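# Coordinate inspection notes
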Protein chains: 2
Amino acid sequence: MGNKMDRRKLVMLLGGLAGTGAAATLVARADQVAQPAPTSSLQKLPWPYKPIDPDAAAQRAFEGYYKSECMYGAFEAIVGPVAEQLGSPYKDFPFLMFKYGGGGVKGWATLCGALNGAAAAIQLLSPDPDPLVNALFEWYEHEPLPDVHPKGAKFVEIRSVAGSPLCHQSIANWTKVSHKHAYCPERSERCGALTASVARQVVILLNSQSAGKPVAFALPKQTQSCQSCHEKGGAVENIRTKMDCGGCHAPLMGKHPGIS
Amino acid sequence: MGNKMDRRKLVMLLGGLAGTGAAATLVARADQVAQPAPTSSLQKLPWPYKPIDPDAAAQRAFEGYYKSECMYGAFEAIVGPVAEQLGSPYKDFPFLMFKYGGGGVKGWATLCGALNGAAAAIQLLSPDPDPLVNALFEWYEHEPLPDVHPKGAKFVEIRSVAGSPLCHQSIANWTKVSHKHAYCPERSERCGALTASVARQVVILLNSQSAGKPVAFALPKQTQSCQSCHEKGGAVENIRTKMDCGGCHAPLMGKHPGIS
């Protein structure tokens, strides 16, 4: 709107100076010159998405992890190629903001940064983000990961099941399986490869949705059983979650009513 | 760089047409007209920050929560006023992307969405984000919250201590203290007011840092004791976290070595 008004003012100004024909030429030039970026397109969600290559995203995520950690690595590997296709203003997005999510947000070990960045990317690129985030988180909880071996990885990857979308459990379970320390280079590389696995899975999900295929998601039976009392409409109704209860409350599972 | 080049071309063009003086006037106008958005400025972190009003941010966060949930509410209440001061391209940031963090990311109850949005905002606006995020998360874990009562809130707020930066514990502890259900309107309003409290606290921290005041942060003694074995350099070194261990592992605390 503002541009239209201003363009008209410029036409009038130039018209007064040098005649309509020359003015029109100049304005056309001025348009090329200025190319006022349609910045409001940034705000319109979802951004236009065309399928990208899952394996390329995985490699880019691994490299991004070493640049600015897990959340940045996952987000940039998914949204970066899309933004490059689309040009400005998309490519000018402040990707480095997502450094904050590294190590479950600044080493707090809350939500896995790869999942945090992935969920942000899905919200930005999907017309129906919820099923994709649900499917991704459930997959992350139960799949032996990392399931890729990026170029440049030095160690044989040791796969573990996180049992939870949280950084804390994901790393603690990996140390159990690997018998390695939480600050060793293998653990760092593992988180880079995990970031690659997550980015790859997100692209597979986005591409499926883009092709009109349904994305499946179901909570584990044990969690459904817990939720029948603790979640919405249950006798207790004291929680709101989709996390696998057994991931943290394993000691409760044997003695809790209704859990075999 | 591109703009400078193009501006010179336009000057030459106009100079050829109508003489240097008139051309200069026109170019000045054209600058106003086109205002080619310095989109790359979006990518340069931190964005320029000038102190904003903490109470106004709190109210804006409460209202934002009802628009697009907790993560959006916190992020937009902090970054929105800054972006409005700065104009384009800042104000064209896709704020609604942060809807994804609602309910600890799409109801998964992982990281509290208000904290997730707050950490993103801090990374975007602070030249030294880590101490602010650390101070914020520790405050959130141990402070009886919400500590504000926004305009438009219908219920008397019931304060509780989350004990954790996670949505799951934060809500579960509130249901314990309030004796109310997790899906009742009071719980929803409580999360809105909590979002307001978090936004207010972030602005206080940003303003302090901006005024050159130091921001304090210390882990609870109990957590330090746990970390002496489990964190970096400890005998076990199987975790990486700053969370209050007692928030989730309370049953361990009595019988664990070194914990009284």
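Residues numbered from 1 in each chain as written. Chains lettered and ligands numbered in written order. Predicted model: local features only at pLDDT ≥ 70, side-chain atom pairs only at ≥ 80, totals over all residues. Heavy atoms only, no water.

### Quick word on the pattern of salt bridges
Residues and elements named next belong to chain A. The line we're drawing: Salt bridges are identified by distance alone: a Lys or Arg side-chain nitrogen within 4 Å of an Asp or Glu carboxyl oxygen. Only protein chains enter the accessibility calculation, which uses a 1.4 Å probe; a residue whose area is less than 20% of its type maximum is buried, one above 50% is exposed, and one in between is partly exposed.
Following the criterion strictly, the structure yields 16 salt bridges over all chains and no others. E76 serves as the salt-bridge partner of R60, at 2.7 Å between the closest nitrogen and oxygen. Using a relative accessible area of 22% as the deciding quantity, one classes R60 as partly exposed. Of the residues examined, E76 reaches a relative accessible area of 11% and is grouped as buried. A salt bridge links D92 to K91, with the nearest nitrogen and oxygen atoms 3.4 Å apart.

### Description of unusual backbone geometry
Operational definition: Runs of H or I in DSSP of at least four residues are treated as helices and runs of E of at least two as strands, each being numbered from the N terminus.
Of note, the bond from L45 of chain A into P46 of chain A is cis; its omega dihedral lies within 30 degrees of zero at -10 degrees. Looking at the secondary structure, you find P46 of chain A in the loop between helix 3 (40-43) and helix 4 (54-86). In this structure, P89 of chain B follows S88 of chain B across a cis peptide bond, with omega equal to 0 degrees. Structurally, the position occupied by P89 of chain B is in the loop between helix 4 (54-86) and helix 5 (113-125). Even without a glycine there, the phi angle at V105 of chain A is positive, about 75 degrees. Along the polypeptide, V105 of chain A turns up in the loop between helix 4 and helix 5 (113-125).

### A closer look at the interface of chain B and chain A
Here is the rule: Any two residues whose heavy atoms approach within 4.5 Å are treated as being in contact. Buried area, as used here, totals the accessible surface that two parts lose on assembly, with accessibility defined by a 1.4 Å probe and the loss added over both. N or O atoms within 3.5 Å of each other form a polar contact, as long as, within protein, one can give a hydrogen and the other can take it, and as long as residues adjacent in sequence are counted only when both atoms are side-chain atoms. Each residue is assigned to one of three groups, with Ala, Val, Leu, Ile, Met, Phe, Trp, Tyr, Cys and Pro labelled nonpolar, Asp, Glu, Lys and Arg labelled charged, and all others, Gly among them, labelled polar.
Taken residue by residue, the interface counts 77 residues in chain B and 78 residues in chain A. Between chain B and chain A the total buried area reaches about 6500 Å² when both faces are included, carbon and sulfur atoms providing 68% of it. Three residues, W108, Y183 and R240 of chain B, lead the burial of chain B against chain A; their summed loss comes to 15% of the area buried on that side. Counting every contact that joins chain B to chain A gives two salt bridges. The shortest N-O distance in the salt bridge between D130 of chain A and K106 of chain B comes to 2.8 Å. The tally of links between chain B and chain A comes to 27 residue pairs in polar contact (both at pLDDT 80 or more). Elements supplying a minimum of two residues to the side of chain B that touches chain A: helix 1 (2-18), helix 2 (20-34), helix 3 (40-43), helix 4, helix 5, helix 6 (129-142) and helix 7 (167-178) of chain B. In terms of residue class, the side of chain B that touches chain A is made up of 46 nonpolar, 15 polar and 16 charged.

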